[in-house]
Structure formats: structure tokens, C-alpha cells
Amino acid sequence: MLRGLGALGIVYGDIGTSPLYALRECFGGHFGIALSSTNVYGVLSLTLWSLIFVISIKYLTLITRAHNAGEGGILALIALLFPSRESPRVYSAAWLLIVLGLFGAALLYGDGMITPAISVLSAVEGVAIDAPWMTPYVPPLTVLILVALFMIQHRGTARVGFLFGPVMLVWFVVLAVLGVHGILQHPRILNALNPVYAWVFFAHNGMHGFWVLGAVFLVVTGGEALYADMGHFGIHAIRRAWFWIVLPALALNYLGQGAILLVSPSSVTHPFFALAPLWGHYPLVVLSTMATVIASQAVITGSFSLTMQAVQLGYIPRLKVEHTSAKEYGQIYVPLINWILLLFSCALVVSFGTSSNLAAAYGVAVTTTMGITTLLFFFAMQRVLNWPSWVAWAVSALFLVADLSFFSANLAKVAQGGWFPLLVGLSILLVMTTWKTGRAILNSRLAEGSMSLEALWEQLERHPAPRVPGTAIYMYSNLGSAPPALLSNLRHNHVLHEQIAILTVTISAVPFVRPKNRLSYQRLKNNVLIMELRFGFMQRLDIPAALRRIDDTELRDALAEGVFVLGRETLLATERPGMAIWREQLFALMARNAQRATEFFCLPSERVLEIGTQVEL
């Protein structure tokens, strides 16, 4: 019950506040259709069956089956399809799919900037219905509310979700009550449940009716965030909340708005607020403002989860990630992402001014990501779920018809502001591919000056080096080679520690690795230890805590007092084969500003020794 309530507060805020602006944009937006009974019935039919097909069937019934040990989202799907840590060959089919998936993930950041802006702005605009003199104050008031929302994110998903859950429950009850009130004024509106009205709508309006799909799509824009947030509360709680509360409330409210539009055509400017009596306008503005603040939570939380997955999978530099729950690994807060989303959300409010203008930019990113998710799910059905090929083809074709229809209709929005999320997505894709490629180049450059452990021991047998007391823990990703920091220490200081541990940290393609499977180690000659720590891509990389779980008391005590020796590379952009100079410079800039390994791996600073070296890219 509590998880379902939390899901209302986190997962369904975006979808749940679409009634504030979706139907309004269908009839009064940039591509609004004429207000007539045929069009109202047609748009409502499209709206209701979009909710059923996209959310109920596509996401909650099918795509959420392709989860990675309970975690969802497009990056979790990529990790599920391509579990190998090795990067696929450039321009191979796997590489192209991964890049396409990364672009879909990057687009969600653009959505995370627009959703808070349009949601809160559309609610605050309600105050100007009865008090037009408040219109100039709507954007500043919206900015203040957004600042307050982002300021509380550090309190954590669970606290925010269970704080917001009861408010959203009240919101959905009010949606249903208002919807029933509207339906009673024109009961025949229930006929819009018949999908035939959708076909009649297209036959009557032709191409203009097709462009209206871009506005209809606003009712399902929270679908991808729903998939990304499934790891926070579990799919069963999310499904129950949808079918028992959210879907019935939304359906009733949209039907009620349609009835009001037929009874009172002048309500087209704000059909949602027209459902309420005059005395209820201001209380409804307050409640809707609270609900839209909560709506923003879904994409904010999804952005945090997406960022952590991208860091762990090696697609973006190390960022500071704060875990806000000792029990749930997925409940996190990423300060840098939080402040970036706040900055751009406020800038969008100021730049666009009204929610109607922002609606022109909304939907392009999400429908693109939904199409990419469908493509990845096609491969997941065959490779992960082991469904017959004909089923995968049939399901994917059905989904793609809807995805491509929505995508094509939203293309008309690109010139009106849809370029913004696309620009954000392309910029983040550039960052992701540059970081991934740059890390591969850096590792190859380091390998050029390295040697195998066997060759090192042969050299030491001919020219022994003094051994000093203590344990040195060298962190290096290639267990078969001598760490560059060890070679530098030997070259400049001419000594080795009495005991040497070479430690590599492996991020698995699963969200969580059990503690009993975390550590493996092997003793070699010359008092050298080879160790590997395995973590899931949603787990905190606390190396000292993992080492304290070693059963060997003597080894555990030695490692507890050992010094962690880390390599710190100064990167130089050169003309050597690899990336363009400007991308190498971008990679070097990201590397300099990445979170320090000491913090990322939770290492005690008093036991860390860094050895620097210059590397030409």
C-alpha cells in the first residue's frame, strides 16, 4: 500500500497533470482543431485509446518485462542487451544500437527540463482566469515554485515520494469528481470510448487532424519516465496504482472536459478549470500547483537514476552521487544534475512565457525516445525474453505504427521550440560518446607503456628492488598487467612495498551484485595479491566496506592499514590517431572536472597516494 502511494507521488505526477493542458492544446494550441462535436468526440477517443495502448499495454504490460533485475529505463535496457564490458566495434550493428539508445537516454534530460516548466506554469496560469491582472506575475511565481522544488531534492526519493503520495491521491480523486460533474452535463460524451470516432476524426479533418496528434501525445508523455522509475517502487505497485486509480481518474476527467467543451465552447481556453464551480477555482489552482510540482518529480528522479547508470556504465565522467536511503540503492540525489535542471527549467519559463508556447517544444524528445525504446525492446523480446521471432516482429510493428505516427505529428513542433530538447539530446550524446571513446583511447595509451606482471617479476629477479614495510593497494583495470602507478613508483623511488595488492573494480551489467559475489582474489609469488571487486551499475562503490568483508583476518587487517595508490593522468590533446583535437580537449576537460577517485570509491583520504603522469591522446 505504501509503495503504491509512493508511486503516485513519483511515477504518475507527469501523466497525472496532463489534463491541465492536453485538451486545451488540441483545440486552442498552435495546431488546434475547430471546436465541433465530431472533433471533440474524435480527440477524446484518441486520448483515451492512447492512454490504454501506450501506457497500459505497451509500457505496463510488455516493456516493463524487459527489466534488468528490477531496474528499468533505456540505459538498463542497453545493459541488458549488451552485457559485455567491451565496447563493440565502431559502426557495427551493436555499436549503432547503443548510440541510438544513448541518444534516447540523452533526450530524457531535455524532457526533464521542460516537464517542470510546463507543468507548474500551466497550473499557476489558473490564477489569471479570475484575476487577469495576475498574468504578468505568473512566470516569476512559477520560477519561485521551481526553485523550492529543486531545493528539497536532497531529502531523497522516499521522503519526497511519500510526502507527495497523499497529495496526488487527493489530486486523482478530484480529477475523477470533476470529470463526473462534467459528464453529467452531457452524458452522451461516454460514446467517445468507441474507437470509431477516432477514424471519423481523421477522415473528416485529413492532414490537419494528423497534426493534432502532436497535442494528443501530451497525455502520455510520462510513459518513459514511468519505465525509468520502476526500480524505485517495483512494477507491481506501479501497475496497481495505474489500473486502480490513475487510469480511471484520467479517463473520467478527459471525458468531463469534453462534455464541458460541448456545453460551453467558451471554456476552450481553460477546459480543466471550467469543470470546477467559480468558488472552487482558487482551491483548484492551489491543488493543481501542488500536483504539478509533484509531476516534475517523476522526470527529476528519472534523471538521477539515468545519470547514475550512465556513470557506472562508463558513458559520462564520475559525478557526485548521494545515496538518500540506507535500504534502497536506487534512491539517490545527484547535485550537479539537480542544479542544471533547475537552471534550464527556469530559463524556459522566462523565455517561453506561457504553457501554450512551451507545449510547442514538448513531446518531440519523448516520442523519439519511445520509438528508440520500441526498437531496443524488439531485440530484448528475442534475446532476453526468448519470445518467438514472429511475436517480436508483430508487437514491434504495432508499437512502431503508433510511435512513428506520434513522432511525425510532433515534427511540426521543431520550429516552434521542439529544437530545444533535440539540441540538449545531441549535446549530451556528444558528451557520452566522447567520454566512452576517450576512455578507450586512454586505456590503450596506458597499455603502450605497460608490461605484464610476469615480465616485471623477471626484471625484478635480475635487478631486485628493496621492499619496505606495509601494504600498497594499486587500483588498475587490467589485472594481467602491471599498474602504471606501480611502474612509476618503482622507476622513481626504486622500492616496492612488502605486500602488493592489485585491485580492479568491475561494474556488472546487472543493477546489483550480492555481497557474497562481490570479491574474488588470488595470491601470486613475490607476496602479490590480485583482487577483483564486482558491483552492479546501481550500487555505491564503497571499496573499504567491501574489503572489510574478507574472511581472512590477517589479510583483512593488512588491507585495512594499506595505502591506496592511484594513477592521476594529465591528458594532452595531440594529432595522434584517435579523436578530433576538439573532442580530445573536451575529454581532457571532463577528466579534470570529474569527481576524484577518492570520493567516488569512498577511499579514506589519509590512506591515498596519487602518482601523476602525462598521457598524449
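None of the values given here were measured: they were computed from a predicted structure.

Bringing the pattern of salt bridges into the picture now. A complete count under the given rule lists seven salt bridges for this structure. Across the salt bridge formed by glutamate 125 and arginine 24, the nearest N and O atoms sit 3.7 Å from each other. In this pair, glutamate 125 is assigned in the loop between helix 6 (93-124) and helix 7 (127-130) and arginine 24 in helix 3 (residues 22-28), connecting sequence segments 101 residues apart. A residue is classified by how much of its surface remains accessible, and glutamate 125, at 13% relative accessible area, is buried.

Looking at the protein as a whole, its pLDDT mean stands at 84, while 93% of the residues score no less than 70. Element-level mean pLDDT values for the protein span from 65 in helix 1 (residues 2-10) up to 93 in helix 4 (residues 37-62).

Once that is clear, we can look at the environment of isoleucine 78. The residue isoleucine 78 is located in helix 5 (residues 74-81) in this model. Spatially, the C-alpha atoms of isoleucine 78 and isoleucine 98 are 6.6 Å apart, while their sequence positions differ by 20 residues.

Looking now at the sheet that holds strand 8 (residues 608-616). One key point about sheets: their strands pair by backbone hydrogen bonds, in either a parallel or an antiparallel sense. Overall, mixed pairing links the six strands, which are arranged 5-6-4-3-7-8 in an open sheet. The open sheet has two edge strands with one neighbour each: strand 5 (519-524) and strand 8. Ignoring strand direction, the axes of neighbouring strands in this sheet form an average angle of 25 degrees. In the sheet, strand 3 (residues 467-475) pairs with strand 4 (residues 496-507) via seven bridges, with the strands oriented parallel. Bridging from a neighbouring strand, methionine 475 pairs with leucine 503 of strand 4.

Turning our attention to helix 19 (residues 389-410). In this model helix 19 runs 31 Å from its N-terminal to its C-terminal C-alpha over 22 residues, within 8% of the 32 Å that 1.5 Å per residue would give. Where helix 19 is concerned, the buried positions are Val391, Ala392, Val395, Ser396, Phe399, Ala402, Asp403, Phe406, Ala409 and Asn410. Where helix 19 is buried, its residues touch helix 4, helix 10 (196-216), helix 18 (364-383) and helix 20 (414-448).

The next subject is the nonpolar core. The biggest cluster of nonpolar side chains holds 182 residues, and the ones touching the most others in it are Tyr12, Trp171 and Trp242. In terms of residue count, the dominant contributor to this core is helix 6 (18 residues). Beyond its immediate sequence surroundings of up to four residues, tryptophan 171 is in contact with Gly16, Thr17, Leu20, Phe272, Leu284, Leu287, Ser288 and Ala291. Residues Leu487, Leu490, Val528 and Ile530 belong to the second largest nonpolar core, which totals 19 residues.

Attention now goes to the packing of helix 4 against helix 18. Where helix 4 contacts helix 18, the two axes come as close as 13 Å, and the packing angle between them is 40 degrees. Considered as vectors, helix 4 and helix 18 are oriented oblique to each other. Handedness of the helix 4/helix 18 crossing: left-handed. Contacts from Val54, Lys58, Tyr59 and Leu62 of helix 4 reach helix 18 at Met370, Thr373, Thr374 and Phe377. Looking at the contact of helix 4 with helix 18 residue by residue, the class counts come to five nonpolar, two polar and one charged.

Let's shift gears to the pairing of strand 6 (residues 528-535). Judged by how many residues are buried, strand 6 sits mostly within the fold: seven of eight residues are covered. As judged from the eight bridges shared by strand 4 and strand 6, these two strands associate in the parallel manner. Paired with leucine 503 across the bridge in strand 6 is methionine 531. Two strands pair when backbone bridges link them, and strand 5 and strand 6 are joined in this way by six bridges, in the antiparallel orientation. Within the sheet, the bridge partner assigned to leucine 524 lies in strand 6 and is valine 528.

Definitions and cut-offs
Residues numbered from 1 in each chain as written. Predicted model: local features only at pLDDT ≥ 70, side-chain atom pairs only at ≥ 80, totals over all residues. Heavy atoms only, no water. Salt bridge = Lys/Arg side-chain N within 4 Å of Asp/Glu carboxyl O. Helix = DSSP H or I, 4+ residues; strand = E, 2+ residues; numbered from the N terminus. Buried < 20%, exposed > 50% of the residue type's maximum accessible area, 1.4 Å probe, protein only. pLDDT = per-residue confidence, 0-100. Pairing = 2+ DSSP bridges. Axes fitted to C-alpha atoms, helices over the stretch in contact; angles between N-to-C directions. Expected span 1.5 Å × (residues − 1). Contact = heavy atoms within 4.5 Å. Core = buried A, V, L, I, M, F, W, Y, C linked by side-chain atoms within 4.5 Å. Parallel < 35°, antiparallel > 145°, perpendicular 65-115°, else oblique. Left-handed = near helix turned anticlockwise from the far one by under 90°. Nonpolar A, V, L, I, M, F, W, Y, C, P; charged D, E, K, R; others polar.

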